[in-house]
Structures are given as C-alpha cells and as structure tokens.
Amino acid sequence: MLVTSPFHHSIESHPLTLHAALRMQQRGISPRLIALALRYGRTIHSRGLSYRIIGHKEVERFIRDGIDLSQADGVHVLIGGDGAVVTAYRNHDLRKVKSGGHRHGINH
C-alpha cells in the first residue's frame, strides 16, 4: 500500500510505501529530508533500486548556492522501479552502495 504526502512536489511524485513511512518515523527522518534528498541528492542505481543520497559532497556543493543540506547529510532514499520510496536511512559510508550490476550470490 502506498501513502501519499503533501509536503513537497518532489515527494508527491514519489509516494511512500507503508514500510518507508514506518522506517522514517523510527529513524527520525522527516518528509522534508526525503524531499531534499529527492531534489538534491546524487543518484546511484544498484540492486534494482535508485538510491538518492546526500553526502558531504552535496552539502559542500550546494552551500555555495545558499542551500543548506547539512541536516540531510547521510540520508539515503531508496526508490523502487515503480517510483515509490521503499525506505530511508542515514549512513555516511557510501562504500556499500555499488552502482550498476546485480549481486548473484547464493545466501545460506
């Protein structure tokens, strides 16, 4: 089930799954932070999802334009193939997000 949000045009075009809404609440990630990541975050395609990420580089780059993204530093927003926000979390380590390709390992 999808939950729509009236907070920002960017987030309106990406409805939230119930899972994403729950995780945002648990992790203290506001719809405003999601909207910032959707608008200003870098995009990495990995594991069949699109990751919108605000890292140190985005914070530094946009501060020159008068846009303060410091509260969103480390926010990752995962978007499914249907355009819905699947989940969101904070992580300052981008090494685990690999662009392209799929993992084809067998997990036991």
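Residues numbered from 1 in each chain as written. Predicted model: local features only at pLDDT ≥ 70, side-chain atom pairs only at ≥ 80, totals over all residues. Heavy atoms only, no water.

Right, let's talk about the overall build of the chain for a bit. A count of helices and strands for the chain gives 4 helices and 6 strands. Going from N to C terminus, the chain has its helices and strands arranged as β-α-β-α-α-β-β-α-β-β. If you take every contact in the chain between residues at least 6 apart in sequence, the share linking residues at least 24 apart comes to 49%. (Helix = DSSP H or I, 4+ residues; strand = E, 2+ residues; numbered from the N terminus. Contact = heavy atoms within 4.5 Å.)

A separate point is the pattern of salt bridges. Applying the stated criterion across every chain yields a total of 1 salt bridge. Note that Arg42 and Glu58 form a salt bridge whose closest N and O atoms lie 2.7 Å from each other. Of this pair, Arg42 sits in strand S3 (residues 42–46) while Glu58 sits in helix H4 (residues 56–63), and the two are 16 residues apart along the sequence. The exposure class of Arg42 is partly exposed, given its relative accessible area of 24%. Given a relative accessible area of 4%, Glu58 falls into the buried group. (Salt bridge = Lys/Arg side-chain N within 4 Å of Asp/Glu carboxyl O. Buried < 20%, exposed > 50% of the residue type's maximum accessible area, 1.4 Å probe, protein only.)

Okay, the nonpolar core next. The biggest cluster of nonpolar side chains holds 20 residues, and the ones touching the most others in it are Ile34, Ile54, Leu69 and Val77. Taken together, the elements giving at least two residues each to this core come down to helix H2 (18–27), helix H3 (31–40), H4, strand S5 (75–79) and strand S6 (85–90). At 6 residues, H3 tops the list of elements feeding residues into this core. Sequence-distant contacts of Val77, that is, excluding residues within four places in its chain, are made with Ile34, Ala37, Leu38, Ser50, Tyr51, Arg52, Val85, Thr87 and Ala88. (Core = buried A, V, L, I, M, F, W, Y, C linked by side-chain atoms within 4.5 Å.)

At Arg47, a residue that is not glycine, the phi angle is positive and equals roughly 55 degrees. Position of Arg47 relative to the elements: it lies in the loop between S3 and strand S4 (49–53).

Buried within H4 are the following residues: Glu58, Val59 and Phe62. Projected onto a plane normal to the axis of H4, the buried residues spread over an arc of 100 degrees and lie on a single side. Residues of H4 that are exposed and point more than 90 degrees away from the buried face comprise Lys57 and Glu60. As for H4, its buried residues are in contact with H3, S3 and S4. (Arc of directions from axis to C-beta.)

A few words on the environment of Leu18. Of note, Leu18 is situated in helix H2. You can call Leu18 partly exposed: its relative accessible area is 45%. For the pair Leu18 and Val85, spaced 67 residues apart in the sequence, the C-alpha separation amounts to 9.4 Å.

Right, let's talk about the confidence of the model for the chain for a bit. Across the chain, the average pLDDT comes to 82, with 75% of residues at or above 70. Here strand S1 (residues 2–3) stands out as the element of the chain with the lowest mean pLDDT, 40, in contrast to S5, whose mean of 97 is the highest. Across residues 1–10 the pLDDT falls below 50, and counting only partners more than four positions away or on other chains, this stretch makes 21 contacts in the model. The low-confidence segment residues 101–108 (pLDDT under 50) makes 4 contacts with residues lying over four places distant or belonging to another chain. (pLDDT = per-residue confidence, 0-100.)

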